[in-house]
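Examination of the molecular architecture
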Amino acid sequence: MSMEARYVDETVVRMAELMTPALENFSGHVHGGAILALLDRAAYVCSCKFAGCYCVTVAVDWVEFRAPVRVGELLILTSRVVHVGTSSMTVEIEVESQDIPTGECRRTNICTFTMVAVRDGVKVSVPRLLSRTPEDDARLRSAGLHRAVREEYRRRHEQIPDPPA
Ligand SMILES: CC(C)(COP(=O)(O)OP(=O)(O)OC[C@H]1O[C@@H](n2cnc3c(N)ncnc32)[C@H](O)[C@@H]1OP(=O)(O)O)[C@@H](O)C(=O)NCCC(=O)NCCS
């Protein structure tokens, strides 16, 4: 696997999925859990391509459901790596839902996942990440801040003991 540093814009992966009636919830829109599964797949593809090896999800950091997704629309997921540590990567996914006949798009979700590169179940290092646009600078900066907050949250939870048997 190549450890050559990569620019954020080189990590972009686009995926699209037709929202079929099988994904419908009780309100007639697409079930949120079905969207979460697609987001996880997109994070997997993006992180694997970047790391050049198998990756696992260690955290779903933040997911917003901004607008319902309608059955019959095309869900378009744009993923990119926006932060790296040693073995971990933050993948940001922007989701838009397209009315296929008109081509009209609405932003429906935004989320970030933390993925870890692994080989034989053991974490491995990932390439460095670079930026060459003001937009990607902003992505790196906000992802770094977000990560620092999550680390604080994790530290507090690690101090909470397992429940008694
Ligand atoms: C991935 C795994 C092997 C790493 O275990 P480990 O060697 O003990 O790893 P660490 O605790 O040192 O964490 C590895 C990296 O992930 C990050 N990380 C771990 N848990 C995290 C969390 N909850 N949130 C954010 N980052 C996390 C660490 O900060 C570290 O980052 P860095 O290497 O960039 O500094 C282990 O956590 C695992 O197997 N988890 C389960 C994954 C899984 O089953 N996912 C669902 C199916 S894909």
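Overview of the structure.

**Digging into the site of the ligand**
Surrounding the ligand, one finds 14 residues, the nearest of these being Ala-59, Gly-85, Thr-86, Ser-87 and Ser-88. A total of 4 residues in the shell around the ligand trace back to one element, the largest contributor, which is strand E3 (residues 55-65).

**Quick look at helix H2 (residues 134-158)**
The end-to-end C-alpha distance of H2 is 36 Å, a good match for the 36 Å that 25 residues give at a rise of 1.5 Å each. Of all 25 residues in H2, 2 are buried; the element is thus mostly exposed.

**Things to note about the pairing of strand E4 (residues 74-84)**
For a regular strand, side-chain orientation follows a simple rule: the groups alternate between the two sheet faces. Here E4 lies mainly inside the structure; 8 of its 11 residues are buried. Relative to E4, strand E2 (residues 13-18) runs antiparallel, the two sharing 6 bridges. Note on E4: the bridge partner recorded for Leu-18 is Leu-74. The sheet contact formed by E4 and strand E5 (residues 88-98) spans 10 bridges and is antiparallel. The residue of E5 that forms the bridge with Leu-77 is Val-95. A loop of 3 residues connects E4 with E5, the two strands running antiparallel in sequence.

Rules used throughout
- Residues numbered from 1 in each chain as written.
- Predicted model: local features only at pLDDT ≥ 70, side-chain atom pairs only at ≥ 80, totals over all residues.
- Near = placed C-beta within 6 Å.
- Helix = DSSP H or I, 4+ residues; strand = E, 2+ residues; numbered from the N terminus.
- Expected span 1.5 Å × (residues − 1).
- Buried ≥ 20, exposed ≤ 12 C-beta atoms within 10 Å, placed from the backbone.
- Pairing = 2+ DSSP bridges.

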